[in-house]
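Fold and geometry: a report
Listed below are the residues making up each chain.
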Amino acid sequence: MAKTPISTPDAPAPAHTFHQGVRSGPFLQVSGQGPVDPASGEYLHAGDVAAQTTRTLENVRAVVEAGGATFDDVVMLRVYLTTRDDFAAMNEAYGAFVTEHCPSGVLPSRTTVMAGLPRPEMLVEIDAFAVVQ
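Our subject in this report is the structure included herewith. Remember, it's a predicted structure, so these values are computed and weren't measured experimentally.

Thresholds applied
Residues numbered from 1 in each chain as written. Predicted model: local features only at pLDDT ≥ 70, side-chain atom pairs only at ≥ 80, totals over all residues. Heavy atoms only, no water. Helix = DSSP H or I, 4+ residues; strand = E, 2+ residues; numbered from the N terminus. Rg over C-alpha atoms; globule rule 2.2 N^0.38 Å. Buried < 20%, exposed > 50% of the residue type's maximum accessible area, 1.4 Å probe, protein only. Contact = heavy atoms within 4.5 Å. Areas by Shrake-Rupley, 256 points an atom, 1.4 Å probe, with all protein chains shown as cover. Salt bridge = Lys/Arg side-chain N within 4 Å of Asp/Glu carboxyl O. Phe/Tyr/Trp six-rings, centres within 6.5 Å; stacked < 30°, edge-to-face > 60°. Lys NZ or Arg CZ within 6 Å of the ring centre and 35° of its normal. Pairing = 2+ DSSP bridges. Axes fitted to C-alpha atoms, helices over the stretch in contact; angles between N-to-C directions. Core = buried A, V, L, I, M, F, W, Y, C linked by side-chain atoms within 4.5 Å.

**A closer look at the overall build of the protein**
Broken down by element type, the protein carries 2 helices and 6 strands. Starting at the N terminus and ending at the C terminus, the protein contains elements arranged as β-β-β-α-β-α-β-β. Taking 14 Å as the expected radius of gyration for a compact globule of 133 residues, we find that the protein reaches 14 Å, a close match to that expectation. Taken along the three principal axes of its C-alpha coordinates, the protein extends 40 × 35 × 25 Å. Looking at the protein as a whole, 40% of its 133 residues qualify as buried. Nonlocal contacts in the protein, meaning residues at least 24 apart in sequence, comprise 66% of its contacts between residues at least 6 apart. Counting every atom, the protein has about 6800 Å² of accessible surface; 54% of that belongs to carbon and sulfur.

**A closer look at the pattern of salt bridges**
In this structure the tally under the stated criterion is 4 salt bridges. Ionic pairing is found between Arg78 and Asp127, a salt bridge with its closest N-O pair at 2.8 Å. Residue Arg78 is located in strand β4 (residues 74-81), and its partner Asp127 is located in strand β6 (residues 124-131); the two are separated by 49 residues in the primary sequence. By relative accessible area, Arg78 is classed as partly exposed at 24%. Residue Asp127 is classed as buried on the basis of its relative accessible area of 10%. Each member of the salt-bridge network shares a partner with another, and the members are Glu58, Arg61 and Glu65.

**Description of the packing of aromatic side chains**
For any two aromatic rings, the description comes down to two numbers: the centre-to-centre distance and the angle of the planes. For the coordinates displayed, the defined rule picks out 2 aromatic pairs. Both rings, one in Phe27 and one in Phe129, keep their centres 6.0 Å apart while their planes meet at 15°; by these two values the pair is stacked. Within this pair, whereas Phe27 is found in strand β3 (residues 27-33), its partner Phe129 is found in strand β6, the two being separated by 102 residues in sequence. Directly above the ring of Tyr94 sits Arg110, whose terminal nitrogen or CZ lies 4.4 Å from the centroid.

**Quick notes on the sheet that holds β3**
Spatially, β1-β2-β3-β6-β4-β5 is the arrangement adopted by the 6 strands of the open sheet, whose pairing is mixed. What marks the edges here is a single partner per strand, and that holds for β1 (3-6) and β5 (109-114). Between one strand axis and the next, the sheet turns through 15° on average, direction left out of account. Relative to β5, helix α2 (residues 87-101) is tilted by about 155°, and along the sheet it contacts β4 and β5.

**Details of the environment of Ala89**
The residue Ala89 is located in helix α2 in this model. The exposure class of Ala89 is partly exposed, given its relative accessible area of 34%. Expressed as a C-alpha distance, the spacing of Ala89 and Ala62, which sit 27 residues apart in the sequence, is 23 Å. Sequence-distant contacts of Ala89, defined by excluding residues within four places in its chain, comprise Val49 and Ala50.

**Considerations on the nonpolar core**
Core analysis: the largest hydrophobic core is formed by 27 residues, its most contacted members being Leu28, Val60, Phe71 and Leu77. Of all the secondary structure elements, the ones that give two or more residues to this core are β3, α1 (49-66), β4, α2 and β6. Sort the elements by how many residues they give to this core and α1 lands first, with 6 residues. Among all residues touching Leu77, those that are not within four sequence positions of it are Leu57, Val60, Phe71, Tyr94, Val98, Pro108, Ser109, Arg110, Thr111, Ile126, Asp127 and Ala128.

In C-alpha cells:
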C-alpha cells in the first residue's frame with residue numbers, strides 16, 4: 001500500500017519535518033496536535049486544559065476528515081498531558097467531545113501519558129489512529 005500525506009488548512013501546519021497525517025490504505029495516522037489556531041498559528045487558552053483539549057481535538061478531527069474519514073472512524077487516541085493534575089479537566093472535555101462526534105456510540109480506545117511537551121504553553125497534545133470505512 002502506498003503512503004499518502006494528509007494536509008489541510010483547517011489544522012495547524014506542522015512545525016517540524018512531518019505531515020499532519022499519513023494514510024496507507026484504510027489506515028490513517030494523525031500526527032500529534034496541540035491547542036493551536038490553524039489560521040493564526042497562535043497557541044490558545046493558556047492555562048486552561050479543558051479548552052486546550054477541545055481545540056486540540058478539533059484539530060485532530062480536521063486532519064481525520066482531510067484523510068477521508070470521520071471522527072467516528074477513529075479507533076485510538078493518545079493523550080499527552082504535562083501534569084497529572086490536569087487529568088480530570090482534560091477527561092471531562094475529552095468525554096464531551098468524543099461523545100458528540102462518535103454517533104455510533106463506540107468511543108475510541110485511549111491512552112493517557114504524562115510527558116514534557118515541546119512548548120511551555122501546551123498542556124495537552126493528542127494524536128489519533130483511524131480506519132477509514
